[in-house]
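Report on the structure
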Amino acid sequence: MTRDDADWWRQAVVYQVYPRSFADANADGIGDLRGIRSRVPYLRRLGVDAVWLSPFYPSALADGGYDVDDYRDVDPRLGTLDDFDDLVAELHASGIRIIVDIVPNHTSNRHAWFVEALASPRGSAARNRYIFRDGLGEGRTLPPADWTSAFGGPAWEPVGDGQWYLHYFATEQPDLNWDNREVRDDFLTTLRFWSDRGVDGFRIDVAHGLAKRLDDELPDQAALDALPRDGGHPLWDRDEVHEIYAAWRAVFDSYSPPRTAVAEAWVDTPRRPRYASREGLGQAFNFDLLEAPFDAGAFRRIVDANLALASESGSSTTWVLSNHDVVRHATRYGLPEPVDPREKHGAAWLLSGGVHPVLDADGGLRRARAATLFMLGLPGSAYLYQGEELGLHEVADIPPIERQDPAYFRNPGVDVGRDGCRVPIPWRSDGTSFGFGSDGSHLPQPAWFAELSVEAQQDAPDSTLALYRRALELRRDLQGSERLAWSPTEHDDVVRFRRDGGWEVVINFGAASVPLPAGEVLVASGPLPDGLLPAETAAWLRVTSAP
Ligand code: BGC
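All values reported here derive from a predicted model rather than from experimental measurement. Every chain is numbered on its own, with residues counted from 1 as its sequence reads. Only residues with pLDDT of 70 or above have their local features reported here, since the model is predicted, and side-chain atom pairs are shown and tallied only from 80 upward, although totals for entire chains, interfaces and linings are computed over all residues. Water and hydrogen atoms were dropped before computing side-chain values, which therefore reflect all heavy atoms in the structure.

**Things to note about the packing of aromatic side chains**
Any two of the Phe, Tyr and Trp rings considered here, Trp counted by its six-membered ring, make a pair once their centres fall within 6.5 Å; the pair's planes then place it as stacked at under 30 degrees, edge-to-face at over 60, or tilted in between. Applying the stated criterion to the full structure yields 40 aromatic pairs. Judged by centre distance (6.1 Å) and plane angle (55°), the rings of F132 and Y165 are tilted. With F132 in strand β4 (residues 132–134) and Y165 in strand β6 (residues 163–166), the pair connects residues that are 33 residues apart, well separated along the chain. The same class applies to F132 and to Y165, which are both buried. In this description a helix means any DSSP run of H or I spanning at least four residues, a strand means any run of E spanning at least two, and both kinds are numbered starting from the N terminus. Working definition: with a 1.4 Å probe on protein chains only, accessible area under 20% of the residue-type maximum means buried, over 50% means exposed, and in between means partly exposed.

**What to know about the pattern of salt bridges**
Salt bridge criterion: a side-chain nitrogen from Lys or Arg within 4 Å of a carboxyl oxygen from Asp or Glu. Considering all chains together, one arrives at 39 salt bridges under this definition. A salt bridge links D49 to R476, with the shortest nitrogen-to-oxygen separation between them at 3.0 Å. Of the two residues, D49 is situated in the loop between α2 (40–46) and β2 (50–53) and R476 in helix α16 (residues 464–478); the sequence distance between them amounts to 427 residues. Overall, the relative accessible area of 7% leaves D49 in the buried class.

**Here's the deal with the environment of R476**
What makes R476 partly exposed here is its relative accessible area of 49%. Distance in space between the C-alpha atoms of R476 and V13 is 9.4 Å, their sequence separation being 463 residues. Contacts between residues were defined by any pair of non-hydrogen atoms, one from each residue, lying within 4.5 Å. Those residues within four positions of R476 in sequence are excluded, and the remaining contacts are G47, V48 and D49.

**Points about the sheet that holds strand β15 (residues 520–524)**
By the convention used here, strands pair only if DSSP detects at least 2 bridges between them. Spatially, β11-β12-β13-β17-β15 is the arrangement adopted by the five strands of the open sheet, whose pairing is antiparallel. Among the strands making up the open sheet, the edge pair consists of β11 (485–486) and β15. Here strand β13 (residues 503–508) pairs with strand β17 (residues 537–542) via six bridges, running antiparallel. Note on β17: the bridge partner recorded for E504 is L541. Helix α13 (residues 361–377) contacts β12 (494–499), β13, β15 and β17 of the sheet and is inclined by roughly 35° relative to β17. Convention adopted: a line fitted to C-alpha atoms gives each axis, helices being fitted over their contacting stretch, and angles between N-to-C directions are expressed from 0 to 180 degrees. On top of the sheet, α16 reaches β13, β15 and β17; it is set at about 130° to β15, its chief contact.

What follows is the structure, encoded as structure tokens:
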């Protein structure tokens with residue numbers, strides 16, 4: 001793949017870095033850009049094609065950086081624009097592309113626009129960049145509607161003069177008004193700003209939420225929930241959102257190679273292709289595997305459905321098992337009750353801080369390794385989340401006082417929040433913060449990180465890190481067209497498919513060993529004794545015969 005290959009993203013492996021928790025070069029307990037740069041050789045050795053950086057912009061961290069004060073700068077705790085340029089240069093020199101996160105649904109409440117809006121009267125141009133409404137009742141002391149924010153608690157906040165603003169996420173994240181021309185133009189400037197600095201693509205946060213239509217009379221929460229999300233919902237997945245992305249596409253295509261984008265759009269599956277189309281953002285996250293149980297039928301149906309969607313949009317499909325918003329997949333697969341990966345409701349183990357001995361840690365990791373190997377064998381692009389290559393589990397026992405996620409604070413006793421997958425990752429088996437930095441870590445790391453560190457795994461042939469490295473190396477060599485052909489199996493729990501060039505992926509979701517199909521084993525997620533494919537194990541095989 002050459003650097004000007006316009007299709008580089010179609011089957012890329014993209015590694016998500018959560019900058020504050022990756023590597024800390026300046027000893028303040030918070031990861032930074034120079035830290036990431038120091039780990040480029042690690043990323044290269046891992047074999048990823050691109051890095052996606054979660055927000056690194058100036059922010060009060062009310063929502064882990066997704067509350068952006070300034071879209072065209074670097075948080076001073078994380079470095080400078082020069083550090084950013086150095087990181088881009090270093091990644092590119094290693095053949096790794098870079099994707100940055102754009103957060104267009106809301107700014108932070110410290111953004112210059114919002115500060116100006118608060119200092120300006122109702123009806124002013126400054127307030128028109130956001131979604132302000134008069135309160136209800138005498139003195140306008142009641143919210144314009146009873147809406148609940150995504151993190152719990154009210155979605156409308158009063159500003160003291162009878163007006164209220166909408167914040168679908170935390171109070172510190174006022175929603176922008178995308179009917180405002182200045183808002184639209186400013187984001188085009190931001191896209192050019194980072195594209196000019198050499199950024200290869202963008203991940204678009206809450207891509208389905210920008211276009212809103214709030215009538216004078218607002219529905220209450222129950223009525224809002226009952227409305228279909230068919231393009232006409234007041235808040236979500238409105239058809240007009242695609243006009244915004246058509247303008248973004250013109251910016252992307254003004255670069256050579258065109259800049260890419262991937263939509264974070266939690267929309268009904270049949271509506272996803274429009275975000276992924278060539279006229280739109282070009283690619284959209286598919287979270288179906290991430291939301292699925294470890295089950296043969298579910299995995300197979302999801303693959304079929306998403307390959308069909310990809311051919312509808314002309315894009316390639318995307319696969320994700322973990323990210324910074326969900327319980328790590330090694331843990332999800334190790335809990336007896338299904339964990340809703342987004343809401344975390346019902347995960348008694350998480351809410352208990354990990355004191356209930358219900359986590360089957362080994363089984364969860366075994367299933368995670370198998371699912372990952374299956375996913376990496378699929379056509380399309382794969383998004384990995386930092387630390388999954390070490391087989392990390394969710395950190396459950398973070399004391400309340402150390403927690404940071406607004407989802408935790410706004411939902412006491414209900415949602416434990418997302419801090420457990422955002423704990424700085426272990427590079428070494430000992431020392432301050434397991435090699436993350438030299439002065440501690442902004443979230444506490446558990447003792448069990450020692451045995452899962454990069455240092456502990458890098459020379460161990462059976463380690464999870466070795467499995468990822470081997471699979472990514474093979475994937476680069478074997479990658480062919482974006483098609484697959486299902487192979488017949490004699491067991492309902494076994495799923496098997498073939499890729500161009502004569503290699504096959506097989507996974508056994510069941511509890512008993514099955515015969516291993518014929519072929520040369522290229523990589524396996526666990527031991528393969530006696531020519532068998534054990535329970536909850538996957539393998540890639542080189543095959544010569546017809547399926
Ligand atoms: C991001 C979250 C963030 C939210 C609000 C998302 O979907 O992935 O981490 O809290 O948007 O910006």
